[in-house]
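Notes for the structure review
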Amino acid sequence: MGIIRGGALAIISALLFLSIFLGALLLTISWSLNYENVQPKLQTVVAETLDNELGLESSLADKLPIMQASCTGSSDYIVKYEGNDIIIPCNVVAQGQDAVIAHGVNQFIEKIYFTPYDCNLWSCFGKYQIPFFLVSAKSQSYFYSLFNYALIAIGILSILGFLLAEKKSNFFLLIAVLIGVASLPFAKFDLFIGIFGVTVKGLLSVFFSKAYSVFFGMIILAGALFLLGWLLKLFRIGFKLSTIFQKKEETSKEEIKKIVKEEMKKEIPKKDVKKEPGFFSRLFKSGESKTSKKISKKTTKKK
């Protein structure tokens, strides 16, 4: 039974480690895909991609004279590009070509992020030429839902492992070690990203921009669980010691009482106690006394 229990605990621990690592990965992607993190990271990547694939930069540069001429009678200039309306304020047009391109790229990032894509994540690959939907709110929601499933799996496996563990305090130490080991790749995720080219590296940096923050959070959680495991272990040891000392005190008190009783028996001498005569002996004596009195009366009468 012990071998089966140990084997089951080993399998659950392995699955728990994979679930923790996968959950941390999904949390990193979901957290990194918040718009506040995506917008500054995507500027260079989107600008290079749009210029190489669609020629956005050259298109905006070519239309700059038209924009400047149109801004004399209006406040904004609308550029229609690939089915998207890019609104460029005239005060930006007055700042020159670089400002127009930067504003156009930011507008494009906002549109691709908040677009309500009418396809799931995987079917969108066949629908769009450039997979900008990967850095959208839809993608962020998709990865966050997967993280919730991983969190449920971690909870179920943790409960099963806790029930199978003979010493419950040791299981908290085990989870702390698993979380700590699973967090290590996230500390140096930039080294893994660095093996790719500039464009791929820039895109991957968007998905894993919060890797170190996840690593830091996992280390804090592992430390808290490790401390909890040691406290439970110390509490269990202290409880055992207190019960042992309590038993010793109880046995010592009983032994002292026995010794005192034995010494008191030795010190107090036994007194000679006269036994009172019984009922028949008293009756016999009273009968003797009566006969003796009768005899004495008869002798006196004869005299």
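Residues numbered from 1 in each chain as written. Predicted model: local features only at pLDDT ≥ 70, side-chain atom pairs only at ≥ 80, totals over all residues. Heavy atoms only, no water.

Mean pLDDT for the protein: 76, with 69% of residues reaching 70 or above. Ranking the helices and strands of the protein by mean pLDDT puts helix H7 (residues 137-164) first, with 93, and helix H12 (residues 279-302) last, with 51. Here residues 297-303 scores under 50 on pLDDT; set against residues more than four positions off or in separate chains, the count is zero contacts. (pLDDT = per-residue confidence, 0-100. Helix = DSSP H or I, 4+ residues; strand = E, 2+ residues; numbered from the N terminus. Contact = heavy atoms within 4.5 Å.)

Turning our attention to the environment of Ala176. Along the chain, the position of Ala176 falls in helix H8 (residues 168-187). A sequence separation of 43 residues divides Ala176 from Ile219, and the C-alpha atoms of the two residues are 8.7 Å apart. Setting aside chain neighbours within four positions, we find Ala176 in contact with Ala222, Leu225 and Phe226.

In this approach the atoms are scanned with a rolling probe the size of a water molecule, which exposes any empty space left behind. Approximately 310 Å³ is the volume found for the second largest pocket. Lining the second largest pocket are 17 residues, with Ile20, Leu151, Ile154, Ile179 and Leu221 positioned closest to its centre. Secondary structure elements with two or more residues in the lining of the second largest pocket: helix H1 (2-32), H7, H8 and helix H11 (211-267). The dominant element in the lining of the second largest pocket, judged by the number of residues it contributes, is H11, at six residues. Tallied by class, the residues present in the lining of the second largest pocket amount to 13 nonpolar, four polar and no charged. (1 Å grid on protein atoms, 1.4 Å probe; cavity = no way out; pocket = protein on both sides within 12 Å on 5 of 7 lines; lining within 4 Å. Points joined across faces, edges and corners; volume = space filled by probe spheres on them. Nonpolar A, V, L, I, M, F, W, Y, C, P; charged D, E, K, R; others polar.)

Attention now goes to the packing of H1 against H8. As a packed pair, H1 and H8 sit with axes 9 Å apart at the nearest point and diverge in direction by 40°. Compared by their axis directions, H1 and H8 come out oblique. Our pair here, H1 against H8, has a crossing hand that is right-handed. Across from Leu9, Ser13, Leu16, Phe17, Ile20, Phe21, Ala24, Leu25 and Thr28 in H1, the residues of H8 making contact are Phe171, Leu174, Ile175, Leu178, Ile179, Val181, Ala182, Pro185 and Phe186. For the contact of H1 with H8, the residue count by class is 16 nonpolar, two polar and no charged. (Axes fitted to C-alpha atoms, helices over the stretch in contact; angles between N-to-C directions. Parallel < 35°, antiparallel > 145°, perpendicular 65-115°, else oblique. Left-handed = near helix turned anticlockwise from the far one by under 90°.)

In this section: the state of the cysteines. Evaluation of the coordinates by the stated rule reveals one disulfide. In this model Cys119 forms its disulfide with Cys124; the gap between the sulfur atoms is 1.8 Å. On the S-S bond that ties Cys119 to Cys124, the torsion sits near 95°, and the link is right-handed. We note that Cys119, like Cys124, is buried. (Disulfide = S-S within 2.5 Å. Buried < 20%, exposed > 50% of the residue type's maximum accessible area, 1.4 Å probe, protein only.)

Take the side chain of Gln107 next. Take Gln107: it is sitting in helix H6 (residues 97-114). The class for Gln107 is buried, based on a relative accessible area of 19%.

Within the largest apolar cluster, 52 residues are counted, with the highest numbers of intra-cluster contacts made by Leu16, Ile20, Leu33, Leu42, Val135 and Phe208. Those elements that provide at least two residues to this core are H1, helix H2 (35-53), H6, H7, H8, helix H9 (189-193), helix H10 (198-207) and H11. Sorting elements by how many residues they give to this core places H8 first, with eight residues. Discounting chain neighbours no more than four positions away, the residues touching Leu33 are Val38, Tyr113, Leu134, Val135, Ser139, Gln140, Phe143, Val206 and Phe207. In terms of nonpolar packing, the next biggest core, distinct from the first, is built from 12 residues, Leu64, Met67, Val79 and Ile88 among them. (Core = buried A, V, L, I, M, F, W, Y, C linked by side-chain atoms within 4.5 Å.)

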